[in-house]
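If you want the building blocks of each chain, they are given just below.
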Amino acid sequence: MTGTDADPNIQERREQLLVDAVVASLANTPDERLRTVLTALVEHLHAFIRDVRLTGREWQLGIDFLTRVGHITDDKRQEFILLSDVLGASMQTITVNDDPTGRTTEATVVGPFFLEDSPLVELGGDISGDASGEPCWVEGRVVDVAGRPLPGARIEVWEADDHGYYDVQYADGRTAARGHLFADDEGRYRFWALTPTPYPIPADGPVGDLLAAARRSPTRAPHLHFMVSHPGMRTLVTHLFVAGDDMGYDSVFGIRDSLIVDFVRARGTEPTPDGQVLDRTWARTSFELVLAPIA
């Protein structure tokens, strides 16, 4: 037979034989969970290649793209997490593992800018450092699903300044707009931060090129990051989003309706909750963080 009248079933069988061979090579993987994940990965990956009829040039472009993602990733910039975020893979993983009962605070993406060893901030202290932006008072409680306080819960917070930059993007390497604190005996927390504003995710790398090719905006809805942990409880990674801002788009699909909260602005002449009188406008918000027990 010529190439034009070849039996299409022959090609399908050839492709399936390769899938079967790769899956069979994993049969002796001693870790059952690893074997399950790898087998599904191979089956779905090969199905994708066969479905879109991936060309050799497209395969090479994909390899080159992932290589660029790896090269730009370092201890301050995680381009692979950014890629996972913009493809919705991060949020899908969170959705699969999140508590569907509505008892707990909904989780969302950690993003590429979380850092270990953030500065300790006392209750009522200021995480903003010298980052620019409008002062914002943030307070609330950390509780379990029964409403019981979780004293000593560790609360990591971080955010961008009003120019859209995180401190790891500063050229001088200073630390700002991030810190950690501990809830008091009643599970309460309070601190000064910055009123969140919209900003673009880093678009000067391969992920930015991908967004441009797809005609997608890199903009993130304004938010404040939280990571909350307590012994015996599942660590919560979440955001607070600013009500009233455009919630129609978020480049990493992180918006949850339950996380959209009011940030109420006050005049500079109005005393703050900690008794200050500022010479500028400021905002305040409150939010209860509900943690689930470790299963």
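As shown above, the structure is provided for reference.
A short tour of the structure in this document, coming up. (Residues numbered from 1 in each chain as written. Predicted model: local features only at pLDDT ≥ 70, side-chain atom pairs only at ≥ 80, totals over all residues. Heavy atoms only, no water.)

**Brief notes about the overall build of the chain**
So, point 1. The helix and strand inventory of the chain stands at 6 helices and 11 strands.
So, point 2. In terms of principal-axis extent, the alpha carbons of the chain reach across some 85 × 40 × 35 Å.
So, point 3. When the 295 residues of the chain are sorted by exposure, 41% land in the buried category.
So, point 4. Pairs at least 24 apart in sequence give 71% of the contacts found in the chain among residues at least 6 apart.
So, point 5. A total of about 16100 Å² of accessible surface is found on the chain, and carbon and sulfur atoms cover 55% of it.
So, point 6. The positive charge centre, built from 27 side chains, and the negative charge centre, built from 46, are 3 Å apart in the chain. (Helix = DSSP H or I, 4+ residues; strand = E, 2+ residues; numbered from the N terminus. Buried < 20%, exposed > 50% of the residue type's maximum accessible area, 1.4 Å probe, protein only. Contact = heavy atoms within 4.5 Å. Areas by Shrake-Rupley, 256 points an atom, 1.4 Å probe, with all protein chains shown as cover. Lys, Arg positive; Asp, Glu negative; His and termini not counted. Charge placed at Lys NZ, Arg CZ, Asp CG, Glu CD.)

**Some words on the nonpolar core**
So, point 1. In this structure, Val142, Ile155, Tyr189, Phe191, Phe226 and Val228 are the most contacted members of the largest nonpolar core, which totals 43 residues.
So, point 2. Not counting residues within four places of it along the chain, the set of residues in contact with Ile155 comprises Val142, Gly179, His180, Leu181, Ala183, Tyr189, Phe226, Met227 and Val228.
So, point 3. Membership of the second largest hydrophobic core comes to 9 residues, among which are Phe114, Val168, Tyr199 and Val237. (Core = buried A, V, L, I, M, F, W, Y, C linked by side-chain atoms within 4.5 Å.)

**Overview of the side chain of Asp99**
So, point 1. The topology assignment puts Asp99 in the loop between α5 (89-97) and β1 (135-144).
So, point 2. Among the residues examined, Asp99 registers a relative accessible area of 14% and is labelled buried.
So, point 3. Here Thr101 takes part through its side chain, which lies 2.7 Å from a polar atom of the side chain of Asp99. (Polar contact = N/O pair within 3.5 Å; in protein donor to acceptor, adjacent residues only side chain to side chain.)

**As for the layout of surface pockets**
So, point 1. In this model, the largest pocket occupies a volume close to 500 Å³.
So, point 2. Considering the residues around the largest pocket, the lining is formed by Ala40, Leu41, His44, Leu45, Phe48, Ile49, Leu54, Glu58, Trp59, Gly62, Ile63 and Leu66.
So, point 3. Elements with a contribution of two residues or more to the lining of the largest pocket: α2 (32-52) and α3 (56-72).
So, point 4. Here the lining of the largest pocket takes 6 residues from α2, the largest share from any one element.
So, point 5. A per-class count over the lining of the largest pocket returns 9 nonpolar, 2 polar and 1 charged.
So, point 6. A volume near 280 Å³ is recorded for the second largest pocket.
So, point 7. Taken together, 17 residues line the second largest pocket, and the ones lying closest to its centre are Asp98, Ala107, Arg234, Thr235 and Leu236.
So, point 8. With 4 residues, the single largest contributor to the lining of the second largest pocket is α5.
So, point 9. Residue composition of the lining of the second largest pocket, grouped by class: 7 nonpolar, 7 polar and 3 charged. (1 Å grid on protein atoms, 1.4 Å probe; cavity = no way out; pocket = protein on both sides within 12 Å on 5 of 7 lines; lining within 4 Å. Points joined across faces, edges and corners; volume = space filled by probe spheres on them. Nonpolar A, V, L, I, M, F, W, Y, C, P; charged D, E, K, R; others polar.)

**Focus: the packing of aromatic side chains**
So, point 1. Applying the stated criterion across every chain yields a total of 8 aromatic pairs.
So, point 2. Both rings, one in Phe114 and one in Trp158, keep their centres 5.0 Å apart while their planes meet at 55 degrees; by these two values the pair is tilted. Linking Phe114 in the loop between α5 and β1 with Trp158 in strand β2 (residues 154-158), this pair joins segments that are 44 residues apart in sequence.
So, point 3. When the ring of Tyr166 is compared with that of Tyr199, the centres are 5.5 Å apart and the planes differ by 80 degrees; the resulting orientation is edge-to-face. On the criterion of sequence distance, the pair formed by Tyr166 in the loop between β2 and β3 (178-182) and Tyr199 in strand β5 (residues 199-200) is long-range, its members being 33 residues apart. An identical accessibility class is assigned to Tyr166 and Tyr199; each is buried.
So, point 4. Here the aromatic cluster, defined as three or more aromatic residues joined through ring pairs, consists of Phe113, Tyr166 and Tyr199. (Phe/Tyr/Trp six-rings, centres within 6.5 Å; stacked < 30°, edge-to-face > 60°.)

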